[in-house]
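# Architecture and fold: a report
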Amino acid sequence: MKFSVCIDSVFRNMKLSEALSHVKSSGFDAFEFWNWRHKDINLMASEMKRLELSLSTFCTDGGNLVDQESHKEYLQGIKEAIIVAKRLGCGTLITQTGNELSGISRERQVENVLTGLRLAAPIAEEAGVTLLLEPLNTKVDHPGYLLTRSSEAFELIEQVGSNYVKVLFDIYHQQISEGNLISSMLSNLQSIGHLHAAGCPGRNELQFGEIHYANVIQALRNAGYSNYFGLEFMPSAEPALGLDYVRNLMDAS
């Protein structure tokens, strides 16, 4: 299993070069972030080379999947993100459904998501980049978001039928939305392309809250999970508090 630090959450409000230096000095070799349009890609490329860091993933931007009228914009955003991903040696991109639309049945909106993913899959396949569909919780962080449960995300991925479209299983979000974390992950491991983690409740360091991350990580290791485990927590104190805890879990596994 590989670990990745989300610089936009763990080192929020920190300059890019400083954040990447902290990732490296904290003992991690990979990072991720949210929106690429707000980043200095030239600087990022040079700092990655200097620090010998890998980029695990980042988000696409443009259009949304729930609205068929915006699929053209959505696909253009995929293509633009792929150009950035290729330059930075990144093999996955996070994609999200968008919020529910009023006046249109949920069933129709889910069908729109499926249609959009089927259109995006060949683009991803040709580029050799995997799209990561992310369910989010609506109870705390993302009211109105369409896709909340991993079970529905896995069903969608199965219907798309592409090895280049997988699920981003966010452990924090899924604890709020559906629970049954370890069983859900292990039963669908082949469909998970990336993991996110934070303490729950609070979305702070992994050692705080109701999720026993030592057990989670050990179960994933035992099952042979080999993709990235992304650290997307919001520090309640110095970032080192949360990162050192994860380093200890890594060393103990």
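A short tour of the structure in this document, coming up.

Before going further, it helps to spend a moment on the overall build of the chain. In terms of regular secondary structure, the chain is built from ten helices and eight strands. In terms of C-alpha radius of gyration, the chain reaches 17 Å, essentially the compact-globule figure of 18 Å for 253 residues. Dimensions of the chain, computed from the C-alpha atoms along their principal axes, are close to 45 × 40 × 30 Å. When burial is assessed residue by residue, the chain has 55% of its 253 residues classed as buried. Residue pairs in contact within the chain that sit at least 24 positions apart in sequence constitute 77% of those at least 6 positions apart.

Scanning the model with the defined rule gives five aromatic pairs in all. On the basis of an interplanar angle of 25 degrees and a centroid distance of 6.5 Å, the ring pair of phenylalanine 31 and phenylalanine 33 is categorised as stacked. As far as burial versus exposure is concerned, phenylalanine 31 and phenylalanine 33 are alike and both buried. Three or more aromatic residues link up through ring pairs in this structure, and these residues are Phe3, Tyr213 and Phe229. Here the guanidinium or amino end of lysine 2 rests over the ring plane of tyrosine 228, the centre of that ring lying 4.4 Å away. A cation sits over an aromatic face here: arginine 247 above phenylalanine 28, 5.8 Å from the ring centre.

What follows deals with the sheet that holds strand β2 (residues 30–35). Taken in spatial order, the eight strands close into a barrel running β1-β2-β3-β4-β5-β6-β7-β8, and their pairing is parallel. Within the sheet, the average angular offset between the axes of one strand and its neighbour, ignoring direction, is 30 degrees. Lying over the sheet, helix α5 (residues 106–127) contacts β4 (92–95), β5 (130–133) and β6 (165–170), oriented at roughly 150 degrees with respect to β5.

Across all of its chains, the model carries eleven salt bridges by this definition. A salt bridge links arginine 37 to aspartate 61; the nearest nitrogen and oxygen atoms lie 2.5 Å apart. Here arginine 37 is found in the loop between β2 and α3 (41–51), whereas its partner aspartate 61 is found in the loop between β3 (54–59) and α4 (71–88), with 24 residues between them in sequence. The closest approach of N and O atoms between arginine 247 and aspartate 251, which form a salt bridge, is 3.5 Å. Of this pair, arginine 247 and aspartate 251 both sit in helix α10 (residues 239–252), separated by four residues, roughly a single helical turn.

On the secondary structure map, asparagine 35 appears in strand β2. A polar contact is formed between the side chain of asparagine 35 and the side chain of aspartate 61, at a distance of 3.2 Å. Aside from chain neighbours lying at most four places away, what touches asparagine 35 is Asp8 and Asp61.

Here the focus is unusual backbone geometry. Cis geometry marks the peptide bond from cysteine 200 to proline 201; its omega dihedral reads 0 degrees. Position of proline 201 among the secondary structure elements: in the loop between β7 (192–197) and α9 (213–223). Although it is not a glycine, asparagine 13 adopts a positive phi angle of roughly 70 degrees. Relative to the helices and strands, asparagine 13 is located in the loop between α1 (7–10) and α2 (16–25).

Scoring rules and cut-offs
- Residues numbered from 1 in each chain as written.
- Predicted model: local features only at pLDDT ≥ 70, side-chain atom pairs only at ≥ 80, totals over all residues.
- Heavy atoms only, no water.
- Helix = DSSP H or I, 4+ residues; strand = E, 2+ residues; numbered from the N terminus.
- Rg over C-alpha atoms; globule rule 2.2 N^0.38 Å.
- Buried < 20%, exposed > 50% of the residue type's maximum accessible area, 1.4 Å probe, protein only.
- Contact = heavy atoms within 4.5 Å.
- Phe/Tyr/Trp six-rings, centres within 6.5 Å; stacked < 30°, edge-to-face > 60°.
- Lys NZ or Arg CZ within 6 Å of the ring centre and 35° of its normal.
- Pairing = 2+ DSSP bridges.
- Axes fitted to C-alpha atoms, helices over the stretch in contact; angles between N-to-C directions.
- Salt bridge = Lys/Arg side-chain N within 4 Å of Asp/Glu carboxyl O.
- Polar contact = N/O pair within 3.5 Å; in protein donor to acceptor, adjacent residues only side chain to side chain.

Purely geometric numbers; function is a separate question.
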